[in-house]
Amino acid sequence: MSGDQTTERARVLRSIPILAGLIGAVLLAGGVVLALYSQFVAAPIPVPFNGDFSETTDFPFRLVVGALVVAGAAALTGAVVLVLGRRGDERATSVGAGGVLAILFVLGGGLWFAVAADIPSTYQRLTSDFVVTPRASSAIAALALAISGALLIFVFVVKPTGPVPRWWALTAALVIGVIPVLGAAGFAVRFGDDSVSSDHVTAEAAPEIAAPAVLGPEKFRLQIPADPDLGHRILVARSGVVVATPAGLTQYDGATGTERWRYLRRDISTDSVWNRLEDTTYLRAEDVVLTKWRNIGWMAFDAATGELLWTGGDFASDPRSTTGGHLLATVSSTTGQVTRYDARTGREMWRTAGEPAECTAGAPQIATTMTAIYRVARCGDGEAATVVVTAFDPVSGEVRDTRSFPTPGAVRAMNAGVRVFDSGFVWVQCHQEGAVDTAIFLPPNQPLSSVIVDSGHKYSDVEEADSTAALVSSDNSDPRAGLGDRWEVLSAVGEGSWTELEMTTPAIGAMYVEDRAELLTDRVVVLTLDDEFKLRSWDRSTGREGPAVPVAIGPDGNPRVATTSGSLIVIASDRNGRGSEIIGFG
């Protein structure tokens, strides 16, 4: 070995502490970046901690703080030694000794903090009971990089006076430092990826097909199995039906009954992450399925494609009750203040002022449609009682119109009933003493001046409504007695006209379902039960009855009728929760 090689080798060996310090500086920088990512960029664990998890409330944040403190102290110590500890005088010697003590303190504190944080068990509890996000994994990776970097800075602080390494050695040290940083980032991404916990299949958007104009034959029958202990729920969307279970959502095409998209979580249990069925809803105006998950929070999906639109958002922090209808909004039960959210982003759009004090004795009712948002409030008492309907623009929140409807003798203990139909038709019913109630019919996209008010029907109920008409049943003193004495189609065009349906063969059996009727373009279709279930139909312009179509439903079936893309469907849910059957008619 030549003298030059020996000298170069000795130079490299003497410069190892500086190279170690450089690698440590890269690790510290990577730790700081991951810590900041965890705190400000990574999705948070989107539910509040409570109960048994109170001690882990700020677990990721504490790791971030620990990583930043270790990295900052180590970097400061290394910088001071680099500037003052390489001079070769007595002052440099004292600086070096102080740096060794400082870095040992930093290392000891960092290691103690990591042990005290009980990272393995706490992380395991979080990931088993809560949805996985990169926040905790990136905080752990940041702390690991900070401690590792501080250890290498210690190597430099112990012997800071070596020669400056060659450029190639510096380059190699940078590369060596970057490799574990990239590995730590990969760890954070991999163990923070929640997609591995779910089976998420999306679909391409497809054009909506109009519902049939007349009642056609059966064209598909879809079996939906279910666990009686877990339950399920079926929502009718514009493009098909969405089946919600504690495991997630599955959407079936309305025209064919074939599966289009799904979002199902694996290995669900009632102790960890699962879908709350009672909070799952469909918002028709923006074609969004909104779900609420235990230990996740709110999640919104595009109903046509299954794309996950958002989690959390402004809406997640609103504790008030959601309104019924087609848009995402909440209402204050005390003041009547309405807050509107964009269902496709979860962001707040606007909020209104509350109702006057004289109109807040009962909880205001809100109906949201594609073209307007209505607030219905009862005002006054006795003969001076009124129902005040206020129409808001759904985009801007501005008041379009307000109208007061006299309701003398209104039952003080009962709020006005409000129902929104899929077409956007709104029915308001004010209960009065006796059998006759005041019904207010609000056709979609019409000013309040054109609404129809009816007080001439006893025990009236609106069974279904489209954009131009409503199907009204009345004169039925016993709500369980089948079809009732009179069924009429109320045309909401102009001043309103009534067409009574001919009951050539009255229904005999009891009907316990609410959603038993549909208005097709040319026909009225009603599901009845005599000796068997039948779909009976009438010409909606003349009221004449046409042929009936038998529907084979099991003895425990609890059916309802709806329309979706390309089909009229009968949804028969087993009364014992064992599953459902969806039957499509063309």
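The model shown is predicted, which means the values in this text are computed figures rather than measured ones.

Colleague: Which parts of the structure should I look at to understand the sheet that holds strand β28 (residues 497-500)?
Modeller: Sheet strands pair via backbone hydrogen bonds, and the direction of the pair is either parallel or antiparallel. Read from one edge to the other, the open sheet built from four strands follows the order β25-β26-β27-β28, with strand pairing classed as antiparallel. Of all strands in the sheet, those with a lone pairing partner are β25 (461-465) and β28, marking the two edges. Neighbouring strand axes in the sheet, compared pairwise and without regard to direction, differ in orientation by 30° on average. Of the strand pairs in this sheet, β25 and strand β26 (residues 469-474) are connected by four bridges, and their pairing is antiparallel. By the bridge assignment, Val462 is partnered in β26 with Val472.

Colleague: What am I meant to see in the sheet that holds strand β24 (residues 452-454) here?
Modeller: The four strands lie next to each other as β21-β22-β23-β24, forming an open sheet whose pairing is antiparallel. Looking at which strands have only one partner, the edges of the open sheet turn out to be β21 (417-420) and β24. In this sheet, adjacent strand axes meet at a mean angle of 15° when their direction is disregarded.

Colleague: I tried to follow the pattern of salt bridges on my own but got confused; where do I start?
Modeller: In total, this model carries 13 salt bridges according to the counting rule given. Residue Glu218 pairs with Arg221 through a salt bridge whose shortest N-O separation is 3.0 Å. Judged by relative accessible area, Arg221 falls into the partly exposed class, the value being 31%. Between Arg344 and Asp302 there is a salt bridge, with its nearest N and O atoms 2.4 Å apart. Note that Arg344 is positioned in the loop between β15 (338-341) and β16 (348-351) and Asp302 in strand β10 (residues 297-302), a separation of 42 residues in sequence.

Colleague: Just checking my understanding: could you explain the packing of helix α6 (residues 134-158) against helix α7 (residues 167-191) for this structure?
Modeller: Between two packed helices, the angle of one axis relative to the other and the distance separating the axes together describe the packing. At a minimum axis distance of 7 Å, the contact between α6 and α7 shows a crossing angle of 160°. Compared by their axis directions, α6 and α7 come out roughly antiparallel. The two elements α6 and α7 meet at a crossing, and its hand is right-handed. Contacts between α6 and α7 involve Pro134, Ser137, Ser138, Ile140, Ala141 and Leu145 from the former and Pro180, Val181, Ala184, Phe187, Ala188 and Phe191 from the latter. For the contact of α6 with α7, the residue count by class is ten nonpolar, two polar and no charged.

Parameters at a glance
Residues numbered from 1 in each chain as written. Predicted model: local features only at pLDDT ≥ 70, side-chain atom pairs only at ≥ 80, totals over all residues. Heavy atoms only, no water. Pairing = 2+ DSSP bridges. Helix = DSSP H or I, 4+ residues; strand = E, 2+ residues; numbered from the N terminus. Axes fitted to C-alpha atoms, helices over the stretch in contact; angles between N-to-C directions. Salt bridge = Lys/Arg side-chain N within 4 Å of Asp/Glu carboxyl O. Buried < 20%, exposed > 50% of the residue type's maximum accessible area, 1.4 Å probe, protein only. Parallel < 35°, antiparallel > 145°, perpendicular 65-115°, else oblique. Left-handed = near helix turned anticlockwise from the far one by under 90°. Contact = heavy atoms within 4.5 Å. Nonpolar A, V, L, I, M, F, W, Y, C, P; charged D, E, K, R; others polar.

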